[in-house]
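What follows is each chain in one-letter form.
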Amino acid sequence: MLITTAMGREVEVTGDYSIDQNWDQIPSADHERWDRLYARQSKILKNRACPEFLEGLHALELSSGGIPNYEELSDRLEKRTGWRIVAVPDLVPDPVFFEHLANRRFPAASFIRDEAQLDYIEEPDAFHDIFGHVPLIANPVFADFLAQFGKVGVKAVDLGALQQHARLYWFTVEFGLIRRNGDLKIYGAGIASSKGESIYSLEDDFPRRPDYDLMTVLRTPYWNDDIQDKYFVADSFQSLFETLSGDLMPLYKEAMRLGDLAHTDPRSKLAETA
Ligand code: CO
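Quick caveat, the model's predicted, so the values are computed rather than measured. (Residues numbered from 1 in each chain as written. Predicted model: local features only at pLDDT ≥ 70, side-chain atom pairs only at ≥ 80, totals over all residues. Heavy atoms only, no water.)

Trainee: Would you mind going over the overall build of the protein in detail, with residue names and values included?
Mentor: A tally of regular secondary structure across the protein gives 13 helices and seven strands. Relative to the 2.2 N^0.38 estimate, which gives 19 Å for 274 residues, the radius of gyration of the protein is 18 Å and therefore close to what a compact globule would have. For the protein, the spread of C-alpha atoms along the three principal axes comes to 50 × 40 × 40 Å. Burial status across the protein gives 53% buried among its 274 residues. In the protein, the share of contacts with a sequence separation of at least 24, taken over all contacts with a separation of at least 6, comes to 65%. Entry remark: accessible area of the protein is about 12600 Å², with carbon and sulfur atoms responsible for 50%. Taken as two groups, the 29 positive and 45 negative side-chain charges of the protein have centres that lie 5 Å from each other. (Helix = DSSP H or I, 4+ residues; strand = E, 2+ residues; numbered from the N terminus. Rg over C-alpha atoms; globule rule 2.2 N^0.38 Å. Buried < 20%, exposed > 50% of the residue type's maximum accessible area, 1.4 Å probe, protein only. Contact = heavy atoms within 4.5 Å. Areas by Shrake-Rupley, 256 points an atom, 1.4 Å probe, with all protein chains shown as cover. Lys, Arg positive; Asp, Glu negative; His and termini not counted. Charge placed at Lys NZ, Arg CZ, Asp CG, Glu CD.)

Trainee: How would you sum up the coordination of the cobalt ion? Please name residues and give values.
Mentor: Coordination of the cobalt ion by the protein comes from His128 (NE2), His133 (NE2) and Glu174 (OE), over a distance range of 1.9 to 2.1 Å. Spacing between the donor residues of the cobalt ion along the chain follows H-x4-H-x40-E. One end of the pair, histidine 128, is in helix H5 (residues 126-137); the other, glutamate 174, is in helix H7 (residues 162-174), and 46 residues separate them in sequence. For histidine 128, a relative accessible area of 10% translates into the label buried. (Donors = N, O, S within 2.8 Å, 3.2 Å for Na, K, Ca; no water.)

Trainee: Quick one: what's the story with the nonpolar core, residue by residue and with numbers?
Mentor: Counting residues in hydrophobic clusters, the biggest one holds 76 residues, and the most contacted among them are Phe53, Trp83, Ile130, Leu146, Leu168, Tyr187 and Tyr252. Here this core gets eight residues from one element, more than from any other, and that element is helix H6 (residues 140-159). Setting aside its immediate chain neighbours within four residues, tyrosine 187 contacts Cys50, Leu136, Phe142, Phe171, Thr172, Val173, Gly176, Leu177, Ile178, Ala234, Phe237 and Leu240. (Core = buried A, V, L, I, M, F, W, Y, C linked by side-chain atoms within 4.5 Å.)

Trainee: Any details on the sheet that holds strand S7 (residues 233-234)? Residues and values, ideally.
Mentor: Pairing is mixed across the open sheet formed by three strands, whose spatial order is S6-S5-S7. Two strands in the sheet have a free side with no partner beyond their single neighbour: strand S6 (183-186) and S7. Here strand S5 (residues 177-180) pairs with S7 via two bridges, running parallel. If you follow leucine 177 over to S7, its bridge partner there is valine 233. In the packing of helix H9 (residues 195-203) onto the sheet, the strands contacted are S5 and S6, and the crossing angle to S6 comes to about 155°. (Pairing = 2+ DSSP bridges. Axes fitted to C-alpha atoms, helices over the stretch in contact; angles between N-to-C directions.)

Trainee: I'd like to hear about the pattern of salt bridges, residue by residue, with values.
Mentor: Here the structure, examined in full by the defined rule, presents 18 salt bridges. Notably, a salt bridge pairs aspartate 144 with arginine 104, separated by 2.5 Å at the nearest N-O pair. Residue aspartate 144 is located in helix H6, and its partner arginine 104 is located in the loop between helix H4 (94-102) and strand S4 (105-109); the two are separated by 40 residues in the primary sequence. In this structure aspartate 144 comes out as partly exposed when scored by relative accessible area, which is 31%. Connected through shared salt-bridge partners, Asp30, Glu32, Arg33, Arg36 and Glu115 make up one network. (Salt bridge = Lys/Arg side-chain N within 4 Å of Asp/Glu carboxyl O.)

Trainee: Before we move on, could you go through the confidence of the model for the protein and cite the residues and values that matter?
Mentor: Across the protein, pLDDT averages 91, with 92% of residues at or above 70. Across residues 270-274, where pLDDT falls below 50, the model places five contacts with residues more than four positions away in sequence or in other chains. (pLDDT = per-residue confidence, 0-100.)

Trainee: Could you give an account of the packing of aromatic side chains, with specific residues and numbers?
Mentor: Counted under the stated rule, the structure contains 17 aromatic pairs. Between phenylalanine 127 and phenylalanine 131, the aromatic rings sit 4.6 Å apart at their centres with planes inclined by 15°, giving stacked as the arrangement. Here phenylalanine 127 and its partner phenylalanine 131 are both found in helix H5, four residues apart, which amounts to about one turn of the helix. For phenylalanine 127, a relative accessible area of 1% corresponds to the buried category. With a centroid separation of 6.3 Å and 65° between ring planes, the pair formed by tyrosine 200 and tyrosine 231 is classed as edge-to-face. Taken together, the residues span a long stretch of sequence, with tyrosine 200 in helix H9 and tyrosine 231 in the loop between helix H10 (214-218) and S7 at a distance of 31 residues. Per residue, the accessibility class of tyrosine 200 equals that of tyrosine 231, and both read buried. Three or more aromatic residues joined by ring pairs form one cluster here, namely Trp34, Tyr38, Phe53, Phe127 and Phe131. (Phe/Tyr/Trp six-rings, centres within 6.5 Å; stacked < 30°, edge-to-face > 60°.)

See below:
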């Protein structure tokens, strides 16, 4: 079928929205931009990302130069955790996304940001999706967590709890911090792929950094067009994974019944519109 992407491009996709990456046709300027982003970001993350992220970056040879060939990258990833990458035009509908994750396929954008968007891009591109997300998927525990997230997502869609489930993704997979030997480290891809937020999330005095708690996360609104005012901190990937075991739908129902938590942050959009 033919779809129009968020960026206004018309793309022919299959039912699961996967497309051919067409790696051979990627312009050299795009590869070169990846290399610059990679060099800049890996330097910033050296002492800020959790060890599992840095290990995955190394193990998957993401530094070998240029935008990775998703097929070759998938072969390396599959050997470690059984996951593969599928190229997609950009964001895919939530039910399709959850189905991919539940089956250990990570949908990754096939395009890379242009020069003007080097520091910030709202929609996920290849740098965000691959550099930000894929290193941790090489970690067995996180890989299981992400697949479980997909499985829970399929049920959450049926329950009408998409908003609650999206918050879980947002506050863990995208913007999660983790505690390591008394220090905070980055694991969320939204942070890890952003120059400014890698520093801000750990070092700025403004954002709050509450402990991860599933019920609290499900009831906490977020905005995707502004810098974050809070980051939930996990104790370990194992404990994160364990919060997704069993039937979560009663908990999701309860989160919906209790409603959203009041937002007390003075700089927040909710405060402005309340
Ligand atoms: Co992302």
